[in-house]
Amino acid sequence: MHFTFCPHCGTKLISREIGDEGLIPYCEKCEIPLWDMFTTSIIAAVVNEYGEIALLRQNYVSKTNHVCVAGVMKIGESAEETVIREVKEEINQDVESLEFIASFPYEKKDLLMLGYKAVVKKKDFKLSVEVDSAEWVKPEEALSLLREGGIAWQLVKRVTGQ
């Protein structure tokens, strides 16, 4: 999000040189710089004890490709807590261990996605209303079901070592 007006007082912002950051939107009334903001979210490659990866279909995300579990961090929640919550909410799996893999900027939606490998013990899926379907996929088949080059694809590629 790029600020044009101060979210605190409503004053139109000016550009001001802030150290080595360059020109930054600045509120003269509140005397504060307002850097562009993004939403922090997680994306998780959920892997079971057999090495299978949970891939989801969410038609509101993509009508052609599968996706990984993902979700927005809530205020006061750590990234790890978000992964555990989202995996439970979306596919009803209990995370046993987590490994941070990489961060992925997603400029199209002003997101920073924190990528994790979430290890679970395989059990039946119970899907949230935002998930149309889910399946356990062998690692060698997973990349072909994801959008090539997309964030989920990059994450699964790293997690599976392909």
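For the structure, see preceding data.
This is a predicted model, so every value here is computed, not measured.

1. What to know about helix α3 (residues 151-160)
Right, so step 1: Buried residues of α3: I151, A152, W153, L155, V156 and V159, and no others.
Right, so step 2: Positive backbone phi, at 70°, marks G161, one or two positions downstream of α3.

2. A look at unusual backbone geometry
The bulk of non-glycine residues show a negative phi, and the bulk of peptide bonds are trans.
Right, so step 1: Phi angles above zero are rare outside glycine, and E31 is one such case at about 55°.
Right, so step 2: With respect to the secondary-structure elements, E31 resides in the loop between β2 (23-27) and β3 (32-33).
Right, so step 3: Unlike most non-glycine residues, N92 shows phi in positive territory, near 55°.
Right, so step 4: You can see N92 is positioned in the loop between α1 (79-91) and β7 (95-106).

3. Notes on the packing of aromatic side chains
Right, so step 1: Per the stated rule, a full pass over the model turns up two aromatic pairs.
Right, so step 2: Measuring from ring centre to ring centre gives 5.4 Å for F100 and Y116, while their planes differ by 75°; the resulting arrangement is edge-to-face. Note that F100 is positioned in strand β7 and Y116 in strand β8 (residues 111-120), a separation of 16 residues in sequence.
Right, so step 3: Their ring planes at 25° and their centres at 5.0 Å tell us that F125 and W136 sit as a pair that is stacked. On the criterion of sequence distance, the pair formed by F125 in the loop between β8 and β9 (133-137) and W136 in strand β9 is long-range, its members being 11 residues apart.
Right, so step 4: Given the relative accessible area of 17%, W136 is considered buried.

4. A look at the pattern of salt bridges
As a working rule, side chains carrying opposite charge can pair if their charged atoms are close by.
Right, so step 1: Applying the stated criterion across every chain yields a total of seven salt bridges.
Right, so step 2: Among the ionic pairs, R85 bridges to E89, the shortest N-O distance being 3.2 Å. Residue R85 and its partner E89 are both found in helix α1; the two are separated by four residues, about one turn of the helix.
Right, so step 3: Given the relative accessible area of 15%, R85 is considered buried.
Right, so step 4: Across the salt bridge formed by K88 and D94, the nearest N and O atoms sit 2.8 Å from each other.
Right, so step 5: A residue is classified by how much of its surface remains accessible, and K88, at 35% relative accessible area, is partly exposed.
Right, so step 6: Using a relative accessible area of 39% as the deciding quantity, one classes D94 as partly exposed.
Right, so step 7: Through salt bridges with shared partners, a single ionic network connects E77, R85, E86 and E89.

Scoring rules and cut-offs
Residues numbered from 1 in each chain as written. Predicted model: local features only at pLDDT ≥ 70, side-chain atom pairs only at ≥ 80, totals over all residues. Heavy atoms only, no water. Buried < 20%, exposed > 50% of the residue type's maximum accessible area, 1.4 Å probe, protein only. Helix = DSSP H or I, 4+ residues; strand = E, 2+ residues; numbered from the N terminus. Phe/Tyr/Trp six-rings, centres within 6.5 Å; stacked < 30°, edge-to-face > 60°. Salt bridge = Lys/Arg side-chain N within 4 Å of Asp/Glu carboxyl O.

Function cannot be read off these values alone, since they describe shape.
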